[in-house]
Amino acid sequence: MASKVQIYKLGIGSLFHGLSEQEKRYSHYMARAAWSGTRIILRQVSPESLAIFDFILELRRSSGGEWQQLCKSHNVPREELDSFLEFAATFLSNIGNYYGSGDQKFVPKVKLETLKAFATRSSKLLSLYDELKDSILAVPPYSLGFPSSSAQSAYYLGQLISKEEISLVTEQLDTHSIFPENTRIRKIAPGAFEVLQASVVSTQPTIPLGDPDSAAKVDLVRGDHAADLENVCRNLSKAAEYAANDTQRKFLAEYVESFQTGSLDVYRDSQRTWITDKAPKVENIFGFVEPYRDPTGIRAEFEGLVAIADPEETRLLSKLVEHSDKFIRRLPWASLENNGKGVFEKSLFEPPDFSSIHALAYCSSIIFPGINLPNYNDIRQDVGFKNVIIANRMIAESTAIQWPFVDEAEKEVFQKHKYPAYYWWVVLHELLGHGTGKMMIEEPGSKFNFDPVNPPTNPLDGKPIKIWYKPGQTWTGQFGDLATTVDECRCELVGAYLMDDPGLLALFGFTEESDITASDLTYNLYQQLGVDGLRGLSNFNIEDMKWGQAHSRGHFAMLTCLLRNGGGCIRVDHDEERKRLTVRVDRSRILSHGKKALGDMLLRLHVYRCTADVQACREYYDDLSHVDEERLKWRETVIANKPPPLLNVQANTFLEGDSVSLKEYEPTVEGIIENWYERGV
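For clarity, every value in this text was computed on a predicted model and none was experimentally measured.

Draft legend 1. Molecular detail of the overall build of the protein. The helix and strand tally for the protein stands at 26 helices and 24 strands. A compact globule built from 681 residues should have a C-alpha radius of gyration of about 26 Å, and the protein, at 25 Å, falls within 12% of that. On the principal axes, the C-alpha backbone points of the protein span a range of 75 × 65 × 55 Å. Here the protein holds 681 residues, and the buried ones make up 61% of them. Long-range contacts, defined as pairs at least 24 residues apart, comprise 73% of the intrachain contacts of the protein with a sequence gap of at least 6. Only carbon and sulfur atoms are counted for the fraction: they give 50% of the accessible area of the protein, which is about 26500 Å². Computed over 75 positive and 94 negative side-chain charges, the separation of the two mean positions in the protein equals 1 Å.

Structure, rendered in C-alpha cells:
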C-alpha cells in the first residue's frame with residue numbers, strides 16, 4: 001500500500017446543530033443503524049476482514065490509544081508502528097482490506113513479527129492473530145473478482161466455483177422469483193450449492209430449491225448476517241419513534257420487515273415509499289444497493305447513509321430540475337416524436353427530489369459524490385427516483401492532491417476551475433444521466449410499452465428495432481458484468497455532452513462575463529475527461545487483464561473515444577523515460593469535434609441499453625475499453641504518479657440523557673481509528 005495517505009474530514013457540525021431535538025434523535029438512531037451494517041460489509045469483502053477489523057479495535061482498547069507506547073513495550077521500530085497505523089486507517093476508511101475504488105488488495109508494510117508482538121497484549125488479540133496471519137500479507141489475491149488464482153470474492157464461498165455454476169444457481173433463483181441482491185453463494189460439493197440470504201430470520205434445515213431439469217442442487221439458507229441485521233432493525237425501529245411523518249415511519253417499517261425476512265419484494269416497496277418522502281431534513285439510504293463489487297454485477301453490498309440537507313444548496317439544484325425537460329430535448333436521441341424527446345425517452349419526466357446533503361454517517365466501502373436511486377428500472381419508470389449530492393464529500397475532495405496529468409503552466413488554473421466543473425458534471429450525471437431513458441419492454445400477456453406492430457426506429461441503423469426486454473428480463477440480468485460500467489459511462493457522457501450548453505451553464509451562473517467563464521468550465525471538463533481516463537488505468541488489473549472499477553473503465557472508454565474520433569480535440573503526450581503523461585485539449589475543436597464524438601458514443605450506449613442489445617454493446621464497449629500495449633505503458637506511468645489514497649474521518653453521535661451530542665475527530669490516522677473505536681460496532 002501507499003507510504004502516506006490523504007485524510008479529509010466529513011464536516012457536519014453546523015448543519016447538525018441546526019436540527020431540532022427530535023431530528024437529532026432521529027438522525028442518531030439512523031446513524032447507529034447505518035454503522036450497525038459495518039460487519040455485513042466486512043463479511044462481503046474478504047474472509048479475513050472481520051478478524052483484521054477486530055484486531056485493530058482490540059489493539060486500540062488494550063493500548064488505550066497510547067500508540068507510541070507500543071514501540072517501547074514491544075521493541076517495535078517507529079516506522080513499523082506508523083506503517084501499521086496507516087494500514088489500519090486505510091482499512092477502516094475502506095471497510096475492508098481492498099480499496100473501495102478499484103478493488104485492489106492492500107497490505108500493511110510491516111513484518112508479521114510486529115503483528116505477533118502486538119498480539120501478545122491480550123488473549124483476544126492472539127486469537128485474532130491466528131485467524132489473520134496467513135492472509136493479511138498474502139498476495140495473491142491481487143483484487144476482487146471471479147474466484148481464481150489471482151482474485152477472490154466473498155460473494156462466492158466454499159469450493160472454487162465457475163461462472164457457469166454461478167449462472168446455474170442464478171437460473172434457479174429466477175425460477176423461484178428470488179432476487180439475488182442480498183444473497184451469497186456457497187459451493188459445498190461438486191454440483192451442490194447453498195444460497196445464503198441476508199435476513200434476521202434463519203432457516204434450519206435449509207430450503208431445497210428443486211429443479212429436476214437443472215444440473216445443480218441448490219438449497220436456500222436464510223439468516224446470513226442475522227445478528228448485524230438485528231442491530232440495524234433495532235435502531236431503525238427506535239428512529240421511527242422520532243420520524244417526521246407517516247411516510248418515514250412507513251419506509252422504516254418496510255426496511256425492518258425486509259431485513260428481518262430477507263424479502264426484496266418488501267424492500268422494493270420501501271423504495272416506492274422512500275421516493276415520496278420529499279425534501280426531508282434528514283435523508284437516508286439503506287439496503288443491499290450497489291452491485292459494483294460482485295463480478296457478475298448482480299449481488300449488492302450493504303450500505304447505510306444518513307445525511308442532513310442544506311436548504312440553500314438544494315435551492316440551486318431545484319433550478320436545474322425545473323428546466324430538465326428542455327435539456328433532455330437536447331440529448332442525442334431526441335427526435336420529433338414524444339414531444340421532442342424521442343421514442344427512447346419517457347413521455348413524462350417526473351421532477352425528482354434533488355437535494356444537496358452532508359453526510360453524518362456514511363457506512364460504505366466507497367464514498368460516492370452523488371447518488372441516484374432506486375436501482376430498479378421499473379420503479380424508476382413508473383414511480384420516479386431521488387437524486388442526492390454528497391456536498392461535504394465533494395468539498396473535501398476538491399482540496400486533495402491531484403493526478404499530475406496537465407501541463408505545468410495550466411495546473412493552477414486547472415485546480416481553480418476543477419471543483420465547479422466537477423460539481424456540475426456530477427449533478428448532470430445524477431439528474432439527467434440516471435434520470436433519462438426508456439427501456440423497450442414486453443410484459444407477460446403480450447403487453448408492450450411500445451407499438452410491436454410498428455416498432456421504433458433504431459437511430460443507429462435506421463431500421464425498426466428487433467430486440468427488446470422480454471417478460472422477466474431486466475437491465476442488470478441481461479447485461480450482467482457490463483450493466484454498472486456501461487450505465488455509469490452513459491451517465492458521465494450525458495453530463496459531459498451538456499457541459500458546453502450556454503443556457504445550461506448560465507443557469508449555474510457561468511457566462512462569458514463571469515469570473516470563471518462558461519468556456520473555461522467546458523475546457524476544464526475536457527481536461528478532466530483526459531485526466532480521469534488516464535487515472536482509470538490505475539484500476540486496471542494486469543494480473544488478470546480485467547477492469548476493477550465500473551467508473552474507471554467508463555472514463556477510459558470515453559478517453560479512447562475522444563482520441564480515436566475527436567479529431568484532435570484531445571491528445572496525450574507520454575514521456576516514458578521521465579514518467580510523465582500530459583493531457584492537451586484543443587479549445588477550438590471541443591464543439592466541432594469533441595462534442596460529436598461524445599454524442600455518438602452516448603447515443604450508442606443509450607440505444608443498446610434501451611433495446612437490450614447486449615451483443616452489440618459488448619463488442620463496442622469491450623473495444624473502447626481494451627488496454628493495448630501502449631496503454632499498458634501509460635499505466636506504468638500512471639501508477640508511478642499515483643497520489644496518496646484518500647481516507648475519510650467521520651463524526652459520531654452519542655445519546656446523553658435527554659440530548660444528543662456530536663463528536664468530530666481530527667483528520668489523522670489516529671483520528672480515524674478513534675472514531676471507529678468510539679463507534680462501538
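After that view, the rundown keeps rolling.
Draft legend 2. How the structure looks around the packing of aromatic side chains. Applying the stated rule across the entire model yields 26 aromatic pairs. The interplanar angle of 45° and the centroid separation of 5.9 Å between the aromatic rings of Tyr419 and Tyr423 together place this pair among those described as tilted. You can see Tyr419 and its partner Tyr423 sitting in helix H17 (residues 411-433), 4 residues apart, about one turn around the helix. Residue Tyr423 is classed as buried on the basis of its relative accessible area, which comes to 10%. With 6.1 Å between their ring centres and 75° between their planes, Phe448 and Trp468 make a pair best called edge-to-face. Taken together, the positions of Phe448 in strand E15 (residues 447-448) and Trp468 in the loop between strand E17 (463-464) and helix H18 (475-479) put the pair 20 residues apart, joining distant regions of the chain.

Draft legend 3. Fine view of the pairing of strand E24 (residues 659-663). Two strands pair when backbone bridges link them, and strand E23 (residues 652-656) and E24 are joined in this way by 5 bridges, in the antiparallel orientation. In the strand pairing of E24, Thr653 is matched with Leu662.

Draft legend 4. Spotlight on the pattern of salt bridges. Here the structure, examined in full by the defined rule, presents 45 salt bridges. In this structure, Arg293 and Asp103 form a salt bridge, with 3.0 Å as the shortest nitrogen-oxygen distance. Here Asp103 lies in the loop between helix H6 (78-94) and helix H7 (112-119) and Arg293 lies in the loop between strand E9 (282-290) and strand E10 (301-309), a separation of 190 residues in the sequence. Of the residues examined, Arg293 reaches a relative accessible area of 8% and is grouped as buried. Ionic pairing is found between Arg609 and Asp487, a salt bridge with its closest N-O pair at 3.1 Å. Within this pair, whereas Arg609 is found in helix H23 (residues 590-611), its partner Asp487 is found in helix H19 (residues 483-498), the two being separated by 122 residues in sequence. You'll find Arg609 and Asp487 in the same group, each marked buried. Among the charged side chains, a network of salt bridges with common partners joins Asp407, Arg571, Asp573 and Arg584.

Draft legend 5. Structural context of the state of the cysteines. Counted under the stated rule, the structure contains 0 disulfides. There is no disulfide at Cys491, and the cysteine sulfur nearest it, in Cys489, is 9.2 Å away. Taking the relative accessible area as the measure of exposure, Cys491 reaches 0% and is therefore buried.

Draft legend 6. Main features of the side chain of Ser661. Note that Ser661 resides in strand E24. Residues in contact with Ser661, not counting those within four places in the same chain, are Phe16, Asn652, Thr653, Phe654 and Glu656.

Draft legend 7. Representation of helix H12 (residues 264-275) within the structure. Its 12 residues place the ends of H12 16 Å apart at the C-alpha level, agreeing with the 16 Å of an ideal helix rising 1.5 Å per residue. Burial runs high along H12: 9 of the 12 residues are buried. Buried-residue contacts for H12 involve helix H11 (246-261), E9, strand E12 (370-373), helix H15 (377-382) and strand E13 (386-390). With a side-chain oxygen lying 3.4 Å from the backbone nitrogen of Asp265, the N-terminal cap of H12 falls on Ser263.

Draft legend 8. Looking closely at the sheet that holds E9. The 5 strands are arranged E9-E10-E11-E13-E12 in an open sheet whose pairing can be described as mixed. The sheet is open, and its two edges are formed by E9 and E12, each paired on a single side. Adjacent strand axes in the sheet meet at a mean angle of 35°, parallel and antiparallel pairs treated alike. The sheet contact formed by E12 and E13 spans 4 bridges and is antiparallel. In the sheet register, Ile371 faces E13, and the bridge partner there is Val388. Each of E9, E10 and strand E11 (353-363) touches helix H3 (residues 38-45); the most contacted strand, E10, lies at about 140° to it.

Draft legend 9. Molecular detail of the packing of H17 against helix H21 (residues 518-536). Running from N to C, H17 and H21 cross one another at 85°; their axes reach a closest spacing of 9 Å. Here H17 is positioned roughly perpendicular relative to H21, judged by the angle of their axes. Side by side, H17 and H21 meet where Phe414, His417, Lys418, Pro420, Ala421, Tyr422 and Trp425 of the first sit next to Asp520, Leu521, Asn524, Leu525, Gln527, Gln528, Leu529, Val531 and Asp532 of the second. The residue makeup of the contact of H17 with H21, split by class, is 9 nonpolar, 4 polar and 3 charged.

Draft legend 10. Fine view of the packing of H7 against helix H8 (residues 123-132). Interaxial distance between H7 and H8 falls to 8 Å at its minimum, and their mutual angle equals 150°. By the angle between their directions, the pair H7 and H8 is classed as roughly antiparallel. In this structure, H7 uses Leu112, Leu115, Lys116, Phe118 and Ala119 to contact H8, whose residues at the interface are Leu125, Leu126 and Tyr129. Each residue belonging to the contact of H7 with H8 can be placed in one class, and the counts come to 7 nonpolar, no polar and 1 charged.

Analysis parameters
All chains use their own residue numbering, which begins from 1 and follows the written sequence. Per-residue local features are limited, in this predicted model, to residues with pLDDT of at least 70; the limit for side-chain atom pairs, both in listing and counting, is 80 or more; totals at the level of whole chains, interfaces and linings are taken over all residues. Calculated side-chain values reflect all of the structure's heavy atoms, with hydrogen atoms and water omitted. Numbering of helices and strands runs from the N terminus; a helix is a DSSP stretch of H or I covering at least four residues, while a strand is a stretch of E covering at least two. Using C-alpha atoms as the atom set, the radius of gyration is obtained and then compared with a globule rule of 2.2 Å times the number of residues to the power 0.38. Burial classes: relative accessible area under 20% of the type maximum marks a residue as buried, over 50% as exposed, and values in between as partly exposed (1.4 Å probe, protein chains only). Here, two residues are considered to be in contact whenever any of their heavy atoms come within 4.5 Å of each other. We get accessible surface area from the Shrake-Rupley algorithm with a probe of 1.4 Å; when it comes to residues, only the shown protein chains can shield them. For the purpose of counting charges, residues Lys and Arg are taken to be positive, whereas Asp and Glu are taken to be negative. His and the chain ends are not included. Where a charge lies is defined by one atom per residue type, namely NZ (Lys), CZ (Arg), CG (Asp) and CD (Glu). In this scheme Phe, Tyr and Trp rings, the latter by its six-membered ring, pair at centre separations within 6.5 Å, and the angle between planes marks the pair as stacked below 30 degrees, edge-to-face above 60, and tilted otherwise. If DSSP finds at least two bridges between two strands, the strands pair. Within this document, salt bridges are pairs made up of a side-chain nitrogen of Lys or Arg and a carboxyl oxygen of Asp or Glu, the two lying within 4 Å of each other. Two cysteine sulfurs form a disulfide in these notes if their separation is within 2.5 Å. Given the number of residues in a helix, its expected span is that number minus one, multiplied by 1.5 Å. Each polar contact in these results corresponds to two N or O atoms within 3.5 Å; when the atoms are within protein, one needs to be able to donate a hydrogen and the other to accept it, and residues that are neighboring in sequence are counted only if both atoms are side-chain atoms. Inter-axis angles, ranging from 0 to 180 degrees, are taken between N-to-C directions of lines fitted to C-alpha atoms, where helices are fitted over the stretch in contact. Roughly parallel here means an angle under 35 degrees, roughly antiparallel means over 145, roughly perpendicular means 65 to 115, and every remaining angle is called oblique. Polar here means any residue other than Ala, Val, Leu, Ile, Met, Phe, Trp, Tyr, Cys and Pro, which are nonpolar, and Asp, Glu, Lys and Arg, which are charged; Gly is therefore polar.

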